[in-house]
Amino acid sequence: MTLDEPEAALSFTSSLRLVPLLAELGRSGAQVACATHSPILASVPGAAVLEVGEDGIAETRRQDLAIVDHWRRYLERPEAYLRHLF
């Protein structure tokens, strides 16, 4: 199964509900390829996390993803990002 940004139209809560569904699919033997910008979907237990970067595709840990770092820094200090927009 291939999913292209399935969280795009989902709320935070709905994205959370998708995590156990994807995990169950994996445990049942299904192979799921999911392209996402969601730190939530990148947290599926047992998932191999691949990041596309300047050097190609590399396996990484969820907590080391650039998008996780950006969200973490934004949530800690939104003004550091927003000052460039106003």
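Each remark here, short or long, concerns the structure printed above.
Residues numbered from 1 in each chain as written. Predicted model: local features only at pLDDT ≥ 70, side-chain atom pairs only at ≥ 80, totals over all residues. Heavy atoms only, no water.

Draft legend 1. Structural detail: the overall build of the protein. Counting its secondary structure elements, the protein contains three helices and four strands. The principal-axis extents of the C-alpha atoms in the protein amount to approximately 50 × 35 × 20 Å. For the protein, with 86 residues in total, the buried portion stands at 19%. Partitioning the intrachain contacts of the protein with sequence separation of at least 6 by distance along the chain shows that 43% fall at a separation of at least 24. Of the accessible surface of the protein, which amounts to about 6600 Å², a share of 57% is contributed by carbon and sulfur atoms. Positive and negative side-chain charges in the protein, numbering 8 and 12 respectively, have mean positions lying 8 Å apart. (Helix = DSSP H or I, 4+ residues; strand = E, 2+ residues; numbered from the N terminus. Buried < 20%, exposed > 50% of the residue type's maximum accessible area, 1.4 Å probe, protein only. Contact = heavy atoms within 4.5 Å. Areas by Shrake-Rupley, 256 points an atom, 1.4 Å probe, with all protein chains shown as cover. Lys, Arg positive; Asp, Glu negative; His and termini not counted. Charge placed at Lys NZ, Arg CZ, Asp CG, Glu CD.)

Draft legend 2. Region of interest: helix α1 (residues 12-27). With 16 residues, α1 extends 24 Å between its outermost C-alpha atoms, agreeing within 8% with the 22 Å of an ideal straight helix rising 1.5 Å per residue. The secondary structure elements touched by the buried residues of α1 are β1 (2-4). (Expected span 1.5 Å × (residues − 1).)

Draft legend 3. Representation of the pairing of strand β4 (residues 56-60) within the structure. As defined by bridge partners, strand β3 (residues 49-53) adjoins β4 across five bridges and the pair is classed as antiparallel. Counted as the bridge partner of V52 is I57 from β4. As consecutive antiparallel partners, β3 and β4 are separated by two residues. (Pairing = 2+ DSSP bridges.)

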